[in-house]
Amino acid sequence: MQVKESVALITGGASGLGFGAASRFVARGGSVVVADINEARGAEAVAELGEQARFVACDVSNADDVAAAVQGASEAMGRIDILVNAAGVAPAQRVISRDGDLFDLELFKFTVGVNLIGMFDVIRNVAGVMAANDPGQDGERGVIVNVASIAAFEGQIGQAAYSASKGGVVGMTLPIARDLAGIGVRCNTIAPGVMDTPLLAGAPQELLDSLAKLHVFPQRLGNAEDFAHLAQALIENPLINGEVVRLDAAARMPPK
Ligand SMILES: NC(=O)c1ccc[n+]([C@@H]2O[C@H](COP(=O)([O-])OP(=O)(O)OC[C@H]3O[C@@H](n4cnc5c(N)ncnc54)[C@H](O)[C@@H]3O)[C@@H](O)[C@H]2O)c1
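First things first, this report covers the structure right here in the doc. (Residues numbered from 1 in each chain as written. Predicted model: local features only at pLDDT ≥ 70, side-chain atom pairs only at ≥ 80, totals over all residues.)

Attention now moves to the site of the ligand. Taken together, the neighbourhood of the ligand is formed by 30 residues, with Gly12, Ser15, Gly16, Gly88 and Thr197 sitting nearest. Taken together, the elements giving at least two residues each to the shell around the ligand come down to α1 (16–27) and α4 (105–130). Per-element accounting of the shell around the ligand gives the leading share, three residues, to α1. Of the residues contributing to the shell around the ligand, the split by class is 16 nonpolar, eleven polar and three charged. (Near = placed C-beta within 6 Å. Helix = DSSP H or I, 4+ residues; strand = E, 2+ residues; numbered from the N terminus. Nonpolar A, V, L, I, M, F, W, Y, C, P; charged D, E, K, R; others polar.)

The following block contains the structure:
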């Protein structure tokens, strides 16, 4: 599957890694539908991306939103060839705080609801649309790229919910690839290290510098271009399937 002349649905495409993928795909002759909960930023994003981009408002944790967004995207563009699942939230809380407060169970459910269940809901809806695509090389009808995190493997203090959600994304990658083999759809996951996106906006420079040092080489924060480059590689290499790829310059996260 080539990005050029393909239609990509990108959740979380209004900002950060998702927007980076959208920019790269459009620059290479693809079309994108940005699906994001942030309507203001979504409108700005498609204005910046140009004619090859559309926006659809969507909360991935709301099943009605997801069904409508996927249907709307496929009707507007005629098909969906690529899905990039970049929508995500990253709240942090300890299981028990220093004051003895227990982790807020609603926050745990919210995090898993967006990052894992919401992502799965988008995948199943888009797979239903991809199944109707004409088969290309090797009988391929579509490609899915999910965004997990290295917190799936080395979650830090406060990341129980986030790591659970991203661990779920890692865990479902292979069985989804196996399930969708019958319709010619591949599914891979990128597990980024620390990426310089609006998620980190407002963090003090000292913290950013210390986070960058976790990356062994090159010793800098990752960025949306690094992500988009790998996403394109996973989309365009027909033999990569059911894989989770760390994008972290050999980082291994310490407890804090
Ligand atoms: N930035 C990092 O260091 C880093 C590291 C590892 C993994 N990630 C993951 O990368 C993904 C993208 O993060 P980012 O750094 O680009 O952050 P970001 O905040 O810049 O972008 C996330 C986007 O997701 C959207 N979003 C949030 N909740 C949503 C919902 N319920 N429905 C639809 N859209 C929703 C936001 O509006 C935003 O546009 C996330 O899944 C995040 O967990 C980020």
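The subject of this paragraph is the sheet that holds strand β4 (residues 82–85). Pairing is parallel in the open sheet, where seven strands are placed in the order β3-β2-β1-β4-β5-β6-β7. The sheet terminates laterally at β3 (53–57) and β7 (244–247), the two strands that pair on one side only. Taken pair by pair, the neighbouring strands of this sheet meet at an average axis angle of 20°, ignoring direction. Two elements, strand β1 (residues 7–11) and β4, share four bridges in a ladder whose sense is parallel. Bridge assignment links Ile10 to a residue of β4, and that residue is Val84. Against the sheet, helix α3 (residues 63–77) engages β1, β2 (31–36) and β3, with an angle of about 160° to β2. Helix-sheet contacts for helix α5 (residues 160–180) involve β5 (142–147), β6 (185–192) and β7, and the interaxial angle to β6 is about 165°. (Pairing = 2+ DSSP bridges. Axes fitted to C-alpha atoms, helices over the stretch in contact; angles between N-to-C directions. Contact = placed C-beta atoms within 7 Å.)

What follows covers the pairing of β1. Among the five residues that make up β1, five are buried, leaving the element largely enclosed by the rest of the structure. Here β1 shows no split at all, with Val7, Leu9 and Thr11 on one side and Ala8 and Ile10 on the other all buried. In this sheet, β2 lies alongside β1 in parallel orientation, the contact comprising five bridges. Bridge pairing in β2 places Thr11 opposite Ala35. In this fold, the crossover linking β1 to β2 by way of α1 has right-handed handedness. (Buried ≥ 20, exposed ≤ 12 C-beta atoms within 10 Å, placed from the backbone. Right-handed = clockwise from strand over helix to strand, strands pointing away.)

Leu9, Ile10, Ala21, Ala22, Val32, Val34 and Val126 are the most contacted members of the largest nonpolar core, which totals 72 residues. Sort the elements by how many residues they give to this core and α4 lands first, with nine residues. Filtering out sequence-adjacent residues up to four positions away, Leu9 remains in contact with Val33, Ala35, Val70, Ala73, Ile80, Leu83 and Val126. (Core = buried A, V, L, I, M, F, W, Y, C linked by C-beta atoms within 7 Å.)

The subject of this paragraph is the environment of Ile117. On the secondary structure map, Ile117 appears in helix α4. Spatially, the C-alpha atom of Ile117 lies 14 Å from that of Thr11, the residues being 106 residues apart in sequence. Every residue in contact with Ile117, bar those within four places of it in the chain, is listed here: Ser61 and Val112.

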